[in-house]
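Residues per chain are reported as follows:
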Amino acid sequence: MSGPRHDPSLYTERDTVPVQRALISVSDKTGLLDLVAALVANGVELVSTGSTAQTIRDAGHQVTEVSEVTGFPESLDGRVKTLHPSVHAGILADLRLESHAEQLEKLGIQSFQLVVVNLYPFRETVASGAPAADIIEQIDIGGPALVRASAKNHANVAIAVSPSRYPALIAAVNAGGTSLELRRELAAEAFAHTAAYDAAVAGWFLRDEKFPKNYAIAAQRQSMLFFFFNEKE
């Protein structure tokens with residue numbers, strides 16, 4: 001099924017997007033408080049989940065729990081937290097379209113301009129030799145949904161899946177907002193991130209198959225080899 005087609009003439013193009021509201025939910029807390037401090041200094045409203053919200057709160061910053069946004073408590077031992085229209089509509093709304101802005105207003109939903117998510121440590125849990133039940137609990141569902149939604153809507157939302165990107169985000173927020181170029185780069189990284197994650201999960205399920213029918217491989221470039229040729233006269 002194909003997605004909806006929009007008339008490009010309806011779009012209001014935007015390059016720099018000021019960050020007014022951010023959703024943060026991370027397993028890896030590296031560099032988190034540096035990013036949070038920069039966001040707070042620039043008046044950004046923070047929305048978060050579970051341990052991330054507690055870490056932000058313990059550092060003395062104000063944060064809104066996702067459950068306050070959705071009106072629905074985290075449930076099923078944390079399996080359901082962010083899977084809610086009040087979250088995903090705020091991420092997926094294409095605010096280049098007046099109709100999307102009007103719908104958000106009608107629904108009483110606020111948009112997000114920044115999403116910071118890294119996924120459950122699935123590969124690390126497998127490597128630790130944990131039992132299958134524990135490994136399955138580290139298959140992230142809501143995280144990849146947030147990442148993919150944000151990356152799809154990179155015209156309006158910046159998505160960060162790695163602490164290595166926090167300095168660039170801090171610089172952008174301090175300068176007034178994220179650029180389209182940065183958001184595109186982040187979107188590409190985000191889709192590569194979820195693809196590698198899913199490949200790892202699929203590989204674990206196929207661990208006992210000698211010749212699986214389908215097998216996904218994700219690779220990351222470690223270095224580049226350059227050749228230099230001297231032109232002969």
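These lines cover the structure that appears in this document, whether it is placed above or below. (Residues numbered from 1 in each chain as written. Predicted model: local features only at pLDDT ≥ 70, side-chain atom pairs only at ≥ 80, totals over all residues. Heavy atoms only, no water.)

Okay, the environment of threonine 49 next. The residue threonine 49 is located in the loop between strand S2 (45-48) and helix H2 (50-58) in this model. Between the C-alpha atoms of threonine 49 and valine 66, which are 17 residues apart in sequence, the distance is 5.7 Å. Every residue in contact with threonine 49, bar those within four places of it in the chain, is listed here: Ile24, Ser25, Glu65, Val66, Glu74, Lys81 and Thr82. (Helix = DSSP H or I, 4+ residues; strand = E, 2+ residues; numbered from the N terminus. Contact = heavy atoms within 4.5 Å.)

The next subject is the sheet that holds strand S4 (residues 114-118). Strands belonging to one sheet form pairs held by backbone hydrogen bonds; the direction of such a pair is parallel or antiparallel. The parallel open sheet is built from five strands, whose spatial order is S3-S2-S1-S4-S5. Bordering the open sheet on either side are strand S3 (64-65) and strand S5 (158-160), each of which pairs with just one other strand. Pairing of S4 with S5, which is carried by three bridges, proceeds in the parallel orientation. If you follow valine 116 over to S5, its bridge partner there is alanine 160. Running over the sheet, helix H1 (residues 32-41) touches strand S1 (21-26), S2 and S4 and is turned about 170 degrees from S1. Across the sheet, helix H8 (residues 142-152) is in contact with S1, S4 and S5; its angle to S4 comes to roughly 145 degrees. (Pairing = 2+ DSSP bridges. Axes fitted to C-alpha atoms, helices over the stretch in contact; angles between N-to-C directions.)

Structurally, threonine 194 is set in helix H10 (residues 180-205). Owing to a relative accessible area of 4%, threonine 194 belongs among the buried residues under this scheme. Beyond its immediate stretch of four places on either side in the chain, threonine 194 contacts Pro144, Val147 and Arg148. (Buried < 20%, exposed > 50% of the residue type's maximum accessible area, 1.4 Å probe, protein only.)

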